[in-house]
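The residues making up each chain are set out below.
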Amino acid sequence: MRARRASTVAGGVLLAVATVASAGLPHACRPPPEVAQRLQQACEVFDPVAPQAAVALWDAALAQAAEPPAPSCRVVETAWQIGDFLKLHARTSSDLALDYLNRGIAAHRPAAGTEDLPLAKLLKTAGHFFARRGDRDRACRSLAGAARVLGRLPEAEVSVLSGQIRDERSQNRCPGDEVSPGADPDQNR
């Protein structure tokens, strides 16, 4: 019960952080209120030992985020918010987080401008989970993919995230970018 209570408090904090992180996104990429409500409910009921109730809410949130005519960036952002919440439970929920992050990657369709920003955040978070698992190669590929996505966006809009990615690549001792600039960042699945 203590873990669930801590998860609920942390879930509320993370959802607030995710909401702030979504503030720079185009309106179309932000989860609508009903999706945000399901994400909040999932955070409140999440139990790392028995995550089924949260998983059902997250699945419903992703399905609702994907309803036409929503752009793919809304699904990517929703998947990122789930993965970002699960960073609190990286030791017990790494597979679950990577499943949602991979669903976000699969939903991504190249877009113009800041609509690709959720993909960069998602790839950065995937890099976090791979690093926690000790899979340096996949962590570095995810971080390199995030850096490539950010390289396509205006610097003023991505400077903070770019710095975070550089720091994580340094912490993981990732090699320099050997991948060509035009390579597909979605290859990191």
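Keep in mind that what you see is a predicted model, and the values were worked out from it rather than measured.

Conventions used here
- Sequence order as written defines residue numbering, which begins from 1 separately in each chain.
- With the structure being a predicted model, the display of local features is reserved for residues of pLDDT at least 70 and the display and counting of side-chain atom pairs for 80 or more, all residues being used for whole-chain, interface and lining totals.
- The basis for every side-chain value is the complete set of non-hydrogen atoms in the structure, without hydrogens or water.
- Secondary structure elements are taken from DSSP: a helix is a run of H or I of four residues or more, a strand is a run of E of two residues or more, and numbering for both begins at the N terminus.
- For every residue, the accessible area obtained with a 1.4 Å probe (protein chains only) is divided by the maximum for its type, and the residue is called buried under 20%, exposed over 50%, and partly exposed between those limits.
- Between two residues, a contact is recorded if the distance between any of their heavy atoms is within 4.5 Å.
- Nonpolar cores were defined as sets of buried Ala, Val, Leu, Ile, Met, Phe, Trp, Tyr and Cys residues, with membership established by side-chain atoms within 4.5 Å.
- Within this document, salt bridges are pairs made up of a side-chain nitrogen of Lys or Arg and a carboxyl oxygen of Asp or Glu, the two lying within 4 Å of each other.
- Disulfide assignment relies on a single distance test, namely cysteine sulfur atoms paired within 2.5 Å.

With respect to the overall build of the chain
So, point 1. Of the regular secondary structure elements, the chain holds 8 helices and 0 strands.
So, point 2. Its helices and strands in sequence order give the chain the pattern α-α-α-α-α-α-α-α, from N to C terminus.
So, point 3. Per-residue burial over the chain gives 49% buried out of 189 residues.
So, point 4. Long-range contacts, defined here as pairs at least 24 residues apart, represent 73% of the contacts in the chain between residues at least 6 apart.

Observations regarding the side chain of Ser 94
So, point 1. Locating Ser 94 in the fold gives a position in helix H5 (residues 90-107).
So, point 2. In contact with Ser 94, not counting residues within four places along its chain, are His 89, Phe 129 and Arg 133.

Concerning the nonpolar core
So, point 1. Trp 58, Leu 86 and Leu 150 are the most contacted members of the largest nonpolar core, which has 47 residues in total.
So, point 2. At the level of secondary structure, the elements contributing two or more residues to this core comprise helix H2 (33-45), helix H3 (52-65), helix H4 (72-86), H5, helix H6 (117-133), helix H7 (136-151) and helix H8 (155-171).

Thoughts on the pattern of salt bridges
So, point 1. In this structure the tally under the stated criterion is 8 salt bridges.
So, point 2. With its nearest N and O atoms 2.9 Å apart, the salt bridge here joins Arg 103 to Asp 99. One end of the pair is Arg 103 and the other is Asp 99, both in helix H5 and 4 residues apart, which spans about a single turn.
So, point 3. Ionic pairing is found between Asp 137 and Arg 141, a salt bridge with its closest N-O pair at 2.9 Å. You can see Asp 137 and its partner Arg 141 sitting in helix H7, 4 residues apart, about one turn around the helix.

Some thoughts on the state of the cysteines
So, point 1. Considering all chains together, one arrives at 2 disulfides under this definition.
So, point 2. Note on cysteine connectivity: Cys 29 is disulfide-linked to Cys 73, with sulfurs 2.0 Å apart. The sign of the S-S torsion, about -90 degrees, decides the handedness of the disulfide formed by Cys 29 and Cys 73: left-handed. Here Cys 29, found in the loop between helix H1 (2-22) and H2, pairs with Cys 73, found in helix H4; they are 44 residues apart in sequence, far enough to count as distant.
So, point 3. For Cys 73, a relative accessible area of 1% corresponds to the buried category.
So, point 4. The disulfide partner of Cys 140 is Cys 174, and the gap between their sulfur atoms is 2.0 Å. Sign of the S-S torsion, about -90 degrees for the bond between Cys 140 and Cys 174, identifies this disulfide as left-handed. Note that Cys 140 is positioned in helix H7 and Cys 174 in the segment after H8, a separation of 34 residues in sequence.

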